[in-house]
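What the coordinates show
If you want the building blocks of each chain, they are given just below.
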Amino acid sequence: MALYCFYCRDGEDSEKLRAMHKAAQREWMAEHDKNYLTAGPLLNANGDFVGSLLIIEAEDEAEARATINDDPYVTGGVWQSIRVDRFEPVKGRWKKG
């Protein structure tokens, strides 16, 4: 299994859209959390939401992307862009070996 880092940036009206979809998103994540190592908001210096960071464990990038395809923040337009990169920990609790 590999780790994939999803850097999700909020789009226009994200504050309104986030509020609209937050309950559904939390419920969805609770039902689909088996591959999530961690997930949480990204905040700017003022403490405002600017996006989310997700680290997902999966066999490959396609499987990792499938984990979030139906996330209400994706389908509801909260995130305007999502960057995905494979993550190779070399230090800390997630380090392999």
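Here, every reference points to the structure presented above.
Attention in this report is confined to the structure presented alongside it.

Parameters at a glance
Residues numbered from 1 in each chain as written. Predicted model: local features only at pLDDT ≥ 70, side-chain atom pairs only at ≥ 80, totals over all residues. Heavy atoms only, no water. Helix = DSSP H or I, 4+ residues; strand = E, 2+ residues; numbered from the N terminus. Buried < 20%, exposed > 50% of the residue type's maximum accessible area, 1.4 Å probe, protein only. Lys, Arg positive; Asp, Glu negative; His and termini not counted. Salt bridge = Lys/Arg side-chain N within 4 Å of Asp/Glu carboxyl O. Bend = angle between axes of the 7 residues up to and from the residue. Contact = heavy atoms within 4.5 Å. Pairing = 2+ DSSP bridges. Core = buried A, V, L, I, M, F, W, Y, C linked by side-chain atoms within 4.5 Å.

Let us look at the side chain of Asp-71. By the secondary structure assignment, Asp-71 is in the loop between helix H2 (61-68) and helix H3 (72-75). One buried charged residue, Asp-71, remains without a salt bridge, the closest side chain of opposite sign being Arg-26 at 7.5 Å.

Turning to unusual backbone geometry, a few remarks are in order. At Asp-13, a residue that is not glycine, the phi angle is positive and equals roughly 60°. As for its placement among the helices and strands, Asp-13 is situated in the loop between strand E1 (2-10) and helix H1 (14-31).

Of all the bends in H1, the greatest measures close to 55° and is centred on His-21. Every buried residue belonging to H1 is among Ser-14, Leu-17, Arg-18, His-21, Gln-25, Trp-28 and Met-29, and all of these are buried. On its buried face, H1 is in contact with E1, strand E2 (36-43), strand E3 (49-58), H2, H3 and strand E4 (79-87).

Attention now goes to the pairing of E1. Regular strands place their side chains on alternate faces of the sheet. Sheet analysis places E1 next to E3, joined by 8 bridges and oriented antiparallel. What sits directly across from Leu-3, in E3, is Glu-57. Here E1 runs beside E4; their pairing, made up of 8 bridges, is antiparallel. When the sheet's bridge partners are listed, Asp-10 is paired in E4 with Trp-79.

Let us now look at the pattern of salt bridges. Pairing between side chains becomes possible if they bear opposite charge and their charged atoms approach one another. Taken as a whole and assessed by the stated rule, the structure comprises 4 salt bridges. For Asp-10, the salt bridge goes to Arg-18, with nearest N and O atoms at 2.8 Å. Here Arg-65 ties to Glu-61 by a salt bridge, and the two come within 2.9 Å at their closest N and O atoms. Of this pair, Arg-65 and Glu-61 both sit in helix H2, 4 residues apart, which is roughly one turn of the helix. Note on Arg-65: relative accessible area 36%, which makes it partly exposed. Given a relative accessible area of 31%, Glu-61 falls into the partly exposed group.

This part takes up the nonpolar core. Tyr-4, Phe-6, Tyr-36, Leu-54 and Ile-56 are the most contacted members of the largest nonpolar core, which totals 17 residues. Contributions of two or more residues to this core are made by E1, H1, E3, H2 and E4. With 4 residues, E1 is the largest single contributor of residues to this core. Beyond its immediate stretch of four places on either side in the chain, Tyr-4 contacts Leu-54, Ile-55, Ile-56, Ala-58, Glu-59, Asp-60, Glu-61, Ala-64, Val-84, Asp-85, Arg-86 and Phe-87.

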